[in-house]
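Listed below, chain by chain, are the residues.
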Amino acid sequence: MPSLQAFLDKGIRLIDYELMVNEEGKRQVLFGKHAGYAGMIDGLHGLGQRLLALGYNSPFIHMGQAHVYPNLECVHTKLRHVADIIEDQGLPDAFAPMLFTFTGSGNVTQGARAIFDDLPHDNVTVDELPFIAKDRYNDRYRRRLLALQVNAQDYVERIDGGPYSREEYREYPERYRSVFATKIAPYTSMLVNGIYWESKYPRLMTTRDLAHIQSQRELRTRMLAIADISCDIGGSLEFMSHASTIDSPFFYVDAVNGLEHKDIEKPGVQINSIDNLPTELPFEASKHFGDSLYPYAKALASGDLKHP
């Protein structure tokens, strides 16, 4: 706010390029996919570190944080290496099957999936989760990950038991409640959160929801990590208390004991909530931004104020 006030006081023109939209209202210059790329890379890195701290080696230990790679091509090369290790050596038995749950379907989630999809995986549905849990000793789950893509219709329900309506949910969200904590979270190893959220909507998970999951002994290998790429502080995930940083990307929430800490060996779900993720991929993010903005800048420079 002090920076914004300085712009106002000095009469400086401030342009927020990310608010530029076309005739259909679609944003034209944005970093969403790059946030998704970096958030997923960091999430895999953090998961590998967390598992090692718990005493388990895993293929994810070979993943670095996004900013250590010169470009995305290097990232995909590393992912192919990790994929080979998953297929050859497998995943830790104690944590299989490893389900990665992706919320949302916008640019952020698309970016995260573009990274994750390099790894060997099977796409599953919400209805399949109880059956997969019963079949958890299937050897297939040692050499492949599971991916679950969910949207609102998968994790909210009408309080009165009526059918879900997308239009009604947007207009009258108070008629709905989240069932993510009972329907999806107990099966999830890592949550990749990319949804748009406002306070009028029910939270994806509350702190009480997390405490209940963490208190269940049979769920001790679930909800290991959260890549909260949306980074809504106290938002869709009530217990996400602050944005982390590139230098200190992870913190842990032990909802049972009401604790938040940074000790990788202590109980708690690992949370990655960096709010400037695209800066970890400066080359691609800058090129993408420049390429997106250039047609508009060129049109303005030539005096065409309507469109590029």
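A. Representation of the nonpolar core within the structure. Counting 40 residues, the largest nonpolar core has Tyr155 and Met205 as the members making the most contacts within it. Of all elements in the fold, only helix H5 (129-134), strand E3 (145-150), helix H6 (152-155), helix H8 (180-183), helix H9 (207-215), strand E8 (250-254) and strand E10 (269-272) reach the threshold of two or more residues within this core. Grouped together as the second largest cluster of nonpolar side chains are 39 residues, Ala66, Ala83, Val108 and Leu119 included.

B. Spotlight on the sheet that holds strand E6 (residues 190-193). Sheet architecture is open: 8 strands sit in the order E2-E3-E1-E6-E7-E10-E8-E9, paired in mixed fashion. Across the chains shown, the open sheet's two edge strands, defined by having one partner strand only, are strand E2 (121-124) and strand E9 (259-261). Taken pair by pair, the neighbouring strands of this sheet meet at an average axis angle of 20°, ignoring direction. Sheet topology note: the strand E1 (residues 99-103)/E6 ladder contains 4 bridges and is parallel. By the bridge assignment, Thr101 is partnered in E6 with Leu191.

C. A look at the pairing of E2. As defined by bridge partners, E2 adjoins E3 across 4 bridges and the pair is classed as parallel. Its bridge partner lying in E3, Asp122 is registered against Leu146. A crossover links E2 with its parallel partner E3, the connecting element being H5, and its sense is right-handed.

D. Inspection of unusual backbone geometry at higher detail. Residue Pro97 is reached from Ala96 by a cis peptide bond, and omega for that bond is -5°. Along the polypeptide, Pro97 turns up in the loop between helix H3 (72-89) and E1. With a phi close to 45°, Met223 is a non-glycine residue in the positive phi region. Locating Met223 in the fold gives a position in the loop between H9 and strand E7 (225-228). A residue is classified by how much of its surface remains accessible, and Met223, at 5% relative accessible area, is buried. Positive phi, close to 55°, is recorded for Cys231, a residue that is not glycine. Among the secondary structure elements, Cys231 is positioned in the loop between E7 and E8.

E. How the structure looks around the packing of aromatic side chains. Scanning the model with the defined rule gives 11 aromatic pairs in all. For the pair Tyr17 and Phe289, a centre-to-centre distance of 5.9 Å together with 85° between the ring planes defines the contact as edge-to-face. Here Tyr17, found in the loop between helix H1 (2-10) and helix H2 (32-53), pairs with Phe289, found in helix H10 (residues 282-301); they are 272 residues apart in sequence, far enough to count as distant. With a centroid separation of 6.3 Å and an interplanar angle of 80°, the aromatic rings of Tyr155 and Phe180 are classed as edge-to-face. Note that Tyr155 is positioned in helix H6 and Phe180 in helix H8, a separation of 25 residues in sequence. You can call Phe180 buried: its relative accessible area is 0%. Every member of this aromatic cluster is reached through a ring pair, and the members are Phe60, Phe100, Phe102 and Phe116. Over the aromatic face of Tyr137 sits the side chain of Arg136, whose NZ or CZ is 5.7 Å from the ring centroid. The aromatic ring of Tyr172 is capped on one face by Arg175, whose charged end is 3.9 Å from the ring centroid.

F. Looking closely at a nonpolar patch on the surface. A surface patch of nonpolar side chains, amounting to about 460 Å² of accessible area, comprises Met1, Leu4, Leu8 and Leu14. Relative to the assigned elements, Leu8 resides in helix H1. Assessed through its relative accessible area of 58%, Leu8 is described here as exposed.

G. Spatial organisation of the pairing of E10. Because side chains alternate across E10, one face comprises the buried residues Val269 and Ile271, and the other comprises Gln270 and Asn272, equally buried. Pairing analysis gives 3 bridges linking E7 to E10, with the strands arranged parallel. Within the sheet, the bridge partner assigned to Ala225 lies in E10 and is Gln270. In the sheet, E8 pairs with E10 via 4 bridges, with the strands oriented antiparallel. By the bridge assignment, Val253 is partnered in E10 with Val269.

H. Representation of the packing of H2 against helix H4 (residues 107-116) within the structure. Interaxial distance between H2 and H4 falls to 6 Å at its minimum, and their mutual angle equals 45°. With respect to H4, the axis of H2 lies oblique. Handedness of the crossing formed by H2 with H4: right-handed. Listed contacts from H4 to Gly32, Lys33, Gly36, Tyr37, Met40, Ile41 and Leu44 of H2 are Asn107, Val108, Gln110, Gly111, Ala112, Ala114, Ile115 and Phe116. A breakdown of the residues in the contact of H2 with H4 according to their chemical character gives 9 nonpolar, 5 polar and 1 charged.

I. Main features of the side chain of Ser189. Turning to its location among the elements, Ser189 is positioned in the loop between H8 and E6. For Ser189, a relative accessible area of 1% gives the class buried. Setting aside its immediate chain neighbours within four residues, Ser189 contacts Phe95, Pro97, Met98, Leu99, Arg222, Met223, Leu224 and Ala225.

So, how was this worked out
Residues numbered from 1 in each chain as written. Predicted model: local features only at pLDDT ≥ 70, side-chain atom pairs only at ≥ 80, totals over all residues. Heavy atoms only, no water. Core = buried A, V, L, I, M, F, W, Y, C linked by side-chain atoms within 4.5 Å. Buried < 20%, exposed > 50% of the residue type's maximum accessible area, 1.4 Å probe, protein only. Helix = DSSP H or I, 4+ residues; strand = E, 2+ residues; numbered from the N terminus. Pairing = 2+ DSSP bridges. Axes fitted to C-alpha atoms, helices over the stretch in contact; angles between N-to-C directions. Right-handed = clockwise from strand over helix to strand, strands pointing away. Phe/Tyr/Trp six-rings, centres within 6.5 Å; stacked < 30°, edge-to-face > 60°. Lys NZ or Arg CZ within 6 Å of the ring centre and 35° of its normal. Patch = residues over 30% accessible without salt bridge, like charges linked within 9 Å, V, L, I, M, F, W, Y side chains within 5 Å. Areas by Shrake-Rupley, 256 points an atom, 1.4 Å probe, with all protein chains shown as cover. Salt bridge = Lys/Arg side-chain N within 4 Å of Asp/Glu carboxyl O. Parallel < 35°, antiparallel > 145°, perpendicular 65-115°, else oblique. Left-handed = near helix turned anticlockwise from the far one by under 90°. Contact = heavy atoms within 4.5 Å. Nonpolar A, V, L, I, M, F, W, Y, C, P; charged D, E, K, R; others polar.

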